[in-house]
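If you want the building blocks of each chain, they are given just below.
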Amino acid sequence: MAPPHPARSAAAVFARRQEAPAALPLRQGLPEERSKRPAAFIIAALEGAVITCRVEQSTAPMEATAAEIHDLPAHALHSRPDPDQAPRP
């Protein structure tokens, strides 16, 4: 059974929002599927921060989330396997 129209529309919006955060790691050589995971995490973290900001009536949750997200792309790029090295058992 296909999801109702609003659910499909929301899914399409979230998919488009993940394109930009996934583009940089992809251009830096990360495989496409690996680039999508941090992008999905970034969007989920931001959405959660928005909700938390509203509940707490504070921008602190967004500031904390932004600080963590700032380091995420660098971590993903530095943790990628070296193509010149054989995989470890």
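Residues numbered from 1 in each chain as written. Predicted model: local features only at pLDDT ≥ 70, side-chain atom pairs only at ≥ 80, totals over all residues. Heavy atoms only, no water.

A few words on the overall build of the chain. Along the chain, the regular secondary structure elements total three helices and zero strands. Secondary structure elements of the chain, listed N to C terminal, follow the sequence α-α-α. The proportion of buried residues among the 89 residues of the chain is 18%. Across the chain, contacts joining residues at least 24 apart in sequence account for 44% of those joining residues at least 6 apart. Total accessible area on the chain is roughly 6900 Å²; 60% of this is exposed by carbon and sulfur atoms. (Helix = DSSP H or I, 4+ residues; strand = E, 2+ residues; numbered from the N terminus. Buried < 20%, exposed > 50% of the residue type's maximum accessible area, 1.4 Å probe, protein only. Contact = heavy atoms within 4.5 Å. Areas by Shrake-Rupley, 256 points an atom, 1.4 Å probe, with all protein chains shown as cover.)

Below, the discussion takes up helix 2 (residues 32-56). Here helix 2 spans 36 Å end to end across 25 residues, near enough to the 36 Å set by a 1.5 Å rise per residue. Burial in helix 2 covers these residues: Ser35, Pro38, Ala39, Ile42, Ile43, Ala49 and Cys53. Glutamine 57, located one to two residues past helix 2, shows a positive phi value of around 50°. (Expected span 1.5 Å × (residues − 1).)

Another aspect to go through is the pattern of salt bridges. On inspection of all chains with the given rule, the structure shows one salt bridge. Ionic pairing is found between glutamate 32 and lysine 36, a salt bridge with its closest N-O pair at 3.6 Å. Remark: lysine 36 and glutamate 32 occur in helix 2; sequence separation between them is four residues, near one turn of the helix. For lysine 36, a relative accessible area of 37% corresponds to the partly exposed category. (Salt bridge = Lys/Arg side-chain N within 4 Å of Asp/Glu carboxyl O.)

With a phi angle near 50°, glutamine 57 is a residue other than glycine that sits in the positive phi range. Note that glutamine 57 resides in the loop between helix 2 and helix 3 (60-78).

As a note on interpretation, predicted positions should not be read in detail where pLDDT is low. Of all residues in the chain, 80% have pLDDT values of 70 or greater, and the mean over the chain is 80. Per-element averaging of pLDDT across the chain places helix 1 (residues 5-27) at the bottom with 79 and helix 2 at the top with 89. (pLDDT = per-residue confidence, 0-100.)

We now examine the side chain of threonine 65. Residue position: threonine 65 is located in helix 3. Polar side-chain contacts of threonine 65 include one of 2.8 Å to the backbone oxygen of proline 61. Every residue in contact with threonine 65, bar those within four places of it in the chain, is listed here: Ala45, Leu46 and Ala49. (Polar contact = N/O pair within 3.5 Å; in protein donor to acceptor, adjacent residues only side chain to side chain.)

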